[in-house]
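# Residue-level structure breakdown
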Amino acid sequence: MEGLRVVQLTVHPENSVLLNMKLQVRSPRHDREVIEIPSKVSKLATPFNGSIASAKGDEYKITNNVIDLLPDELEYSIAQSTNHWKLTASVYEDLWRKRSLSLLTGEEFPIEKEQELLIEWMNPQPQKWYLDVGCSTALYARTLKKHEPKSEQVAVDFSDVMLQEARLKAEAEQVDLYLVKADGRNLPFFAGTFDGLSMGGTLNELTDELKVLYECRRVLKSDGTLFMMHLIKAGSWYGRLFQESAEWGGLQFWSVDESNLLFRRAGFKVEEQFTKGIVCFTKLKPN
Ligand SMILES: C[S@@+](CC[C@H](N)C(=O)[O-])C[C@H]1O[C@@H](n2cnc3c(N)ncnc32)[C@H](O)[C@@H]1O
């Protein structure tokens, strides 16, 4: 054995996905079962259709590169249902999202400014993993991938049409992403999979926000970052009136203090935060 050195490598569970450099998902039906996703599924220039299965034999479809890990039908609030309409998905980013922050803050707030903040706080790195939760057209995942093409980006939503639209936009921009259809209340990933998570406007739409935040905390590494953009309670009477009618449709709004209490309960601490009008940006770290 002379000349042969045996190196013992201890892999911390938090690093296993990273060393492997393949996306490993947790089977939705058998939560100890790993399913490895071939990297070609993220190459959006080449349509991928097929299926993946865990060792237990449960199988999941991949249609046009979208990995369907949501085998059961869910119930949606009115606000959530609109995200399942093809029309909403096709106009969402260009008609609404690009203008939304200027309209909601009441001042000029171009999308580029939001993207700069996302990049600054997330600071995406090569070979690190990032998850866009409730991604719609995956604006955040696409932004991070364009900034750091060697980072690995996963985008999750439970709306098929939004994911298909995300696929079209990413393909047009020549950006590779893993697109996963799944429920934020039960993320199909193992603990400590991601170096960074982002959530843009999704918190207000959730029906079980604490459960989703717990899931975010679980899949985030202990030194990871959660970038949060959400809407807070309006200060003006007409703003509140508008929000109260939106609450009928299933949206929720909190004050900054209430939001921070929610983040703390889910195991996060606020590292940076600022508000503009009813828009609140928060950089969260695991507690
Ligand atoms: C306001 S849009 C967010 C858009 C996107 N993050 C952005 O910055 O443009 C909310 C998205 O979250 C998705 N969503 C809501 N609840 C979800 C849940 N429990 N699991 C997965 N996706 C969810 C909706 O389908 C919708 O596409």
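Residues numbered from 1 in each chain as written. Predicted model: local features only at pLDDT ≥ 70, side-chain atom pairs only at ≥ 80, totals over all residues.

### So, the overall build of the protein chain
For the protein chain, the helix and strand inventory stands at 9 helices and 12 strands. In terms of C-alpha radius of gyration, the protein chain reaches 19 Å, essentially the compact-globule figure of 19 Å for 287 residues. Its C-alpha atoms give the protein chain principal-axis dimensions of roughly 80 × 35 × 35 Å. Once local pairs closer than 6 in sequence are excluded, the contacts in the protein chain between residues at least 24 apart make up 65%. (Helix = DSSP H or I, 4+ residues; strand = E, 2+ residues; numbered from the N terminus. Rg over C-alpha atoms; globule rule 2.2 N^0.38 Å. Contact = placed C-beta atoms within 7 Å.)

### Here's the deal with the sheet that holds strand S10 (residues 220-231)
Overall, mixed pairing links the 10 strands, which are arranged S3-S4-S5-S8-S7-S6-S9-S10-S12-S11 in an open sheet. Each edge of the open sheet is held by one strand with a lone partner, namely strand S3 (50-53) and strand S11 (268-276). On average, each strand axis in the sheet is tilted by 20 degrees relative to the strand beside it, whichever way the strands run. Bridge count for strand S5 (residues 66-68) against strand S8 (residues 178-181) is 3 bridges, and the pairing is parallel. By the bridge assignment for S8, Asp68 is matched with Lys181. Packed on one face of the sheet, helix H9 (residues 256-265) meets S10, S11 and strand S12 (279-286) and runs near 155 degrees to S11. (Pairing = 2+ DSSP bridges. Axes fitted to C-alpha atoms, helices over the stretch in contact; angles between N-to-C directions.)

### A look at the packing of helix H4 (residues 111-122) against helix H5 (residues 139-147)
Viewed as axis vectors pointing N to C, H4 and H5 meet at an angle of 65 degrees, and their least axial separation amounts to 10 Å. One way to sum up the angle between H4 and H5 is to call them roughly perpendicular. Seen from above, H4 lies across H5 with right-handed handedness. Contacts between H4 and H5 involve Gln115, Leu118, Ile119 and Met122 from the first element and Tyr140, Thr143, Leu144 and His147 from the second. (Parallel < 35°, antiparallel > 145°, perpendicular 65-115°, else oblique. Left-handed = near helix turned anticlockwise from the far one by under 90°.)

### Points about the site of the ligand
Close to the ligand lie 21 residues, the nearest being Asn83, Gly134, Ser136, Gly184 and Gly200. Per-class residue counts for the shell around the ligand are 7 nonpolar, 9 polar and 5 charged. (Near = placed C-beta within 6 Å. Nonpolar A, V, L, I, M, F, W, Y, C, P; charged D, E, K, R; others polar.)

### Describing the pairing of S11
Sheet topology places S11 next to S12; 8 bridges connect them, and they run antiparallel. Bridging across to S12, Thr275 finds its partner in Cys280. Turn length for the S11-S12 hairpin, with the two strands adjacent in sequence and antiparallel, is 2 residues, and the turn residue Gly277 shows positive phi of about 60 degrees.

### Some points on the environment of Trp129
Tracing the chain through its elements places Trp129 in strand S6 (residues 129-133). For Trp129, a count of 24 C-beta atoms within 10 Å translates into the label buried. (Buried ≥ 20, exposed ≤ 12 C-beta atoms within 10 Å, placed from the backbone.)

### Let's talk about unusual backbone geometry
Phi at Asn64 takes a positive value of approximately 50 degrees, unusual for a residue other than glycine. Summarising the element assignment, Asn64 is placed in the loop between strand S4 (59-63) and S5. For Ala138, which is not glycine, the phi torsion reads 60 degrees and is therefore positive. Tracing the sequence through the fold places Ala138 in the loop between S6 and H5.

### Digging into the pairing of S4
Because side chains alternate across S4, one face comprises the buried residues Tyr60 and Ile62, and the other comprises Glu59, Lys61 and Thr63, none of which is buried. Note: S3 against S4, 4 bridges, orientation antiparallel. Of the residues in S4, the one forming a bridge with Ala53 is Glu59. The antiparallel hairpin formed by S3 and S4 contains 5 residues in its connecting segment, where Gly57 sits at a positive phi of about 95 degrees. By the bridge criterion, 2 bridges tie S4 to S5 in an arrangement that is antiparallel. Residue pairing across strands places Thr63 opposite Val66, the latter belonging to S5.

### Quick look at the nonpolar core
Counting residues in each nonpolar core, the largest one holds 65 residues, and the members touching the most others are Ile67, Ala138, Val154, Ala155, Val156, Leu177 and Leu179. If one sorts the elements of this core by residue count, S10 sits on top with 6 residues. Apart from the residues lying within four places of it in its own chain, the contact partners of Val154 are Leu23, Trp129, Tyr130, Leu131, Tyr178 and Val180. (Core = buried A, V, L, I, M, F, W, Y, C linked by C-beta atoms within 7 Å.)

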